[in-house]
2 protein chains.
Amino acid sequence: MSAFSEQDYQFMQRALDLAAKGAYTTSPNPAVGCVLVKNGEIVGEGFHFKAGQLHAERVALAQAGEQAKGATAYVTLEPCSHYGRTPPCALGLIEAGVVKVIAAMQDPNPQVAGKGLKMLNEAGIKSAVNLLNDSAESLNKGFLKRMRQNLPFVQLKLAMSLDGRTAMASGESKWITGGAARSDVQKMRAKSSALLSTSATVLADNPSLNVRWEELPDEVKQDYVKESVRQPVRVILDSQHRIQPSHKLFETASPVWLVANEARDLSAFPAFCEQIILPKQNLLSELMLELGKRQINTLWVEAGANLAGSLIEQKLVDELIIYVAPKLLGDQARGLCQLPHLTQLADAPLWQLNEFQQIGDDIKLTYTPKGS
Amino acid sequence: MSAFSEQDYQFMQRALDLAAKGAYTTSPNPAVGCVLVKNGEIVGEGFHFKAGQLHAERVALAQAGEQAKGATAYVTLEPCSHYGRTPPCALGLIEAGVVKVIAAMQDPNPQVAGKGLKMLNEAGIKSAVNLLNDSAESLNKGFLKRMRQNLPFVQLKLAMSLDGRTAMASGESKWITGGAARSDVQKMRAKSSALLSTSATVLADNPSLNVRWEELPDEVKQDYVKESVRQPVRVILDSQHRIQPSHKLFETASPVWLVANEARDLSAFPAFCEQIILPKQNLLSELMLELGKRQINTLWVEAGANLAGSLIEQKLVDELIIYVAPKLLGDQARGLCQLPHLTQLADAPLWQLNEFQQIGDDIKLTYTPKGS
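Parameters at a glance
Residues numbered from 1 in each chain as written. Chains lettered and ligands numbered in written order. Predicted model: local features only at pLDDT ≥ 70, side-chain atom pairs only at ≥ 80, totals over all residues. Heavy atoms only, no water. UniProt positions renumbered as here; feature names shortened; annotations may be inferred. Helix = DSSP H or I, 4+ residues; strand = E, 2+ residues; numbered from the N terminus. Expected span 1.5 Å × (residues − 1). Buried < 20%, exposed > 50% of the residue type's maximum accessible area, 1.4 Å probe, protein only. Arc of directions from axis to C-beta. Contact = heavy atoms within 4.5 Å. Pairing = 2+ DSSP bridges. Axes fitted to C-alpha atoms, helices over the stretch in contact; angles between N-to-C directions. Salt bridge = Lys/Arg side-chain N within 4 Å of Asp/Glu carboxyl O.

An unreviewed UniProt entry lists chain A under the name Riboflavin biosynthesis protein RibD, with Rodentibacter myodis as the source organism. Turning to chain A, the UniProt annotation filed under Function (unreviewed entry) states: "Converts 2,5-diamino-6-(ribosylamino)-4(3h)-pyrimidinone 5'-phosphate into 5-amino-6-(ribosylamino)-2,4(1h,3h)-pyrimidinedione 5'-phosphate."

See below:
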């Protein structure tokens with residue numbers, strides 16, 4: 001592994017910043033950025049915007065034109081080596097006369113996995129890997145988990161009072177957190193491939209479970225125009241077939257997948273509504289496998305104490321994201337998660353704080369399972 | 001108000017750092033630091049260590065000796081003007097020939113309250129006030145509240161899981177938080193004039209409710225030797241006279257005040273055990289008045305959901321300090337606070353985050369009542 005210069009870090013950071021602009025739109029593809037540098041100056045740069053459109057390297061090469069000859073490419077993910085919807089980017093870099101390629105990380109996609117770098121090396125192009133690797137990993141947590149394990153990256157969202165309550169005894173829960181936290185939730189939804197909820201939540205609140213561009217934080221709107229908004233697939237656990245075509249879910253014309261154990265007649269539902277039929281046993285882990293097959297990178301879960309508890313007990317949560325409002329609701333109010341099998345403190349699921357953020361009057365805590 | 005120079009800030013910061021060394025020992029007096037500067041150099045400095053011993057100004061003057069003549073004094077609190085256990089510090093500064101005094105803040109003590117500065121001015125010494133005022137305020141929250149309102153500064157400590165639970169359904173609660181958080185609690189106890197708990201807590205866990213020097217964080221031990229350890233007064237709500245001389249409380253020979261509505265025979269108890277007899281009605285607010293009279297600056301509350309809820313409902317909490325462990329205990333586990341009168345979300349008590357700290361695997365959140 002070669003040592004990297006300060007300039008290398010700067011250009012890769014620029015490539016990462018570019019890649020992040022695709023975070024709302026590239027699913028099921030990864031977000032990727034590329035910067036082409038010649039004589040210490042950027043001669044081309046770009047990011048992947050959307051599946052089916054140009055990859056980051058191709059955008060940067062197009063911008064650089066003849067200037068690409070002799071340039072160094074900084075890419076946030078190993079250039080692809082396979083013919084997908086577009087020809088391999090490694091080939092594009094070779095043809096353009098790039099002399100060196102630095103990738104933030106290898107692509108775990110089995111179709112790539114080192115082959116891109118190999119293709120470059122065989123063409124006499126120098127390459128290096130693992131520069132700002134952690135940032136590159138965290139940019140594509142969903143894509144990377146799916147490539148490595150054929151499973152989506154599961155983010156369980158919870159919103160609670162300081163004393164861990166999600167609603168008054170009456171069920172009243174509008175609103176525990178403030179507007180800024182709810183806007184952050186819109187951002188997290190927008191970044192997700194799919195959103196998981198339950199018919200219990202739909203019946204209780206009749207939510208749209210969509211992305212409302214107007215409610216996104218201002219800094220997101222700068223990079224993400226209204227016309228590009230991609231709705232996450234709404235995945236609803238509905239074993240009792242309680243979801244009806246009249247529910248607000250269906251006012252947003254984007255996929256709804258109803259999960260049940262038995263098929264039902266969907267003729268009264270819009271065409272974008274499908275069923276996923278799974279056996280009762282191990283339903284949640286079976287669902288994750290199915291969602292992996294369906295190319296869901298990140299799954300954002302918004303649900304009640306019951307589903308939250310089940311996902312936690314079954315160790316299906318990759319990230320716990322808790323919005324904490326500075327309020328106390330008291331012992332009568334509703335709790336955060338049901339863990340009926342837990343009786344001993346020593347068996348309590350353990351987590352590790354990864355991020356702390358103040359959002360308006362609330363705080364956002366991001367935890368990952370300890371030891372994972 | 002004169003403008004302050006960068007040097008002024010530096011010297012006052014030094015005085016504040018010195019003052020903080022007294023934070024464990026000065027109660028009921030305030031923590032105060034003093035730096036004497038001549039020709040840009042420190043010629044004497046000191047802090048107040050303990051009631052009855054030299055005030056900060058006197059320590060600094062003793063160190064400076066003849067050098068004090070023509071010096072500027074930086075003091076974290078207005079120099080006193082009254083004859084207490086020691087003669088007025090303002091007089092000491094005048095006699096030593098100090099030419100200028102800068103105080104971080106005025107002393108709200110009605111015996112001082114501007115009179116110290118006035119005494120200096122009348123002697124022809126220049127003075128200025130309100131430099132790093134916020135830091136000076138936060139150093140003596142307890143003393144200042146007592147001077148202004150005749151009440152102690154009440155810090156309610158809670159330790160909970162991520163989902164707001166303090167114990168398993170069985171009552172098992174050792175330990176929810178980690179060793180570093182428990183060590184921080186020792187530090188907070190050490191800084192407090194008194195600790196408030198209940199006979200319910202004593203009967204359940206038989207705690208010592210004392211400061212154990214060995215368990216203090218290492219950085220505290222550097223400034224605070226074992227021989228100086230001052231135990232907070234243990235104030236125990238015990239309306240049913242359930243506390244017995246055999247309880248561990250009494251193994252630490254420092255005051256225990258038992259709060260009840262009726263007197264009981266204390267002949268079997270150690271001499272350091274006293275009673276506070278109060279009417280049932282408004283017991284908690286009456287207790288605060290009584291503790292103010294007894295010169296309790298800071299009251300550190302360690303108790304269960306019942307007392308926590310009552311203090312919150314009666315708006316008697318100045319600071320809510322929550323240690324959050326990265327664990328989930330589930331809905332069956334015990335809740336944080338009882339707020340039986342709260343039924344509407346809009347009536348939930350509101351707080352404001354003042355401080356976030358990671359302590360070992362846990363986090364520490366410090367909130368103050370919103371709007372206070």
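Quick look at helix H1 (residues 6-20) of chain A now. All names here are of chain A. Compared with the 21 Å implied by 1.5 Å per residue over 15 residues, the 21 Å span of H1 between its first and last C-alpha is a close match. Among all positions of H1, only Asp 8, Phe 11, Met 12, Ala 15, Leu 16, Leu 18 and Ala 19 are buried. Projected down its long axis, H1 carries its buried residues within an arc of 160 degrees, all on one side. If you follow the buried residues of H1, they end up packed against strand S1 (33-38), strand S2 (41-47), strand S3 (72-75), strand S4 (100-103) and helix H5 (133-139).

Attention now goes to the sheet that holds strand S9 (residues 233-237) of chain A. Residue and element names in this part refer to chain A. With mixed pairing, nine strands are arranged side by side in an open sheet as S11-S10-S9-S8-S12-S6-S13-S16-S15. Only two strands of the sheet have a single neighbouring strand rather than two, namely strand S11 (273-277) and strand S15 (351-359). Across the sheet, the mean angle from the axis of one strand to that of its neighbour is 25 degrees, orientation sign disregarded. Bridge count for S15 against strand S16 (residues 362-369) is eight bridges, and the pairing is antiparallel. Residue pairing across strands places Glu 355 opposite Thr 366, the latter belonging to S16.

Taken as a whole and assessed by the stated rule, the structure comprises 36 salt bridges over all chains. When the shortest N-O distance is used, the salt bridge between B:Asp331 and B:Arg165 registers 3.7 Å. In this pair, B:Asp331 is assigned in the loop between strand S13 (319-325) and strand S14 (334-335) and B:Arg165 in strand S7 (residues 165-167), connecting sequence segments 166 residues apart. Using a relative accessible area of 24% as the deciding quantity, one classes B:Asp331 as partly exposed. By relative accessible area, B:Arg165 is classed as buried at 3%. Among the ionic contacts, a cluster of salt bridges with common partners joins A:Lys157, A:Arg189 and A:Glu302.

Moving on, we come to the sheet that holds S4(A). Residues and elements named next belong to chain A. In space, the five strands of this open sheet follow the order S2-S1-S3-S4-S5, with mixed pairing throughout. For this open sheet the edge positions go to S2 and strand S5 (126-129), each flanked by a neighbour on one side alone. Averaged over all neighbouring strand pairs, the angle between strand axes comes to 15 degrees, with direction disregarded. Where S1 lies against S3, four bridges are found, and the strand directions are antiparallel. Residue Leu 36 lies in a different strand from S3, and its bridge partner there is Ala 73. Most of the contacts of H1 go to S1, to which it runs at about 145 degrees, and overall it touches S1, S2, S3 and S4. Across the sheet, helix H2 (residues 56-64) touches S1, S2 and S3, and the angle it forms with S2 is around 140 degrees.

Turning to helix H3 (residues 89-96) of chain A, a few remarks are in order. All names here are of chain A. The complete set of buried residues in H3 reads Cys 89, Ala 90, Gly 92 and Leu 93. Along the axis of H3, the buried positions cluster into a sector of 160 degrees, meaning they face one direction only. Packing partners of the buried residues in H3 comprise H2, S3, S4 and helix H4 (115-122).

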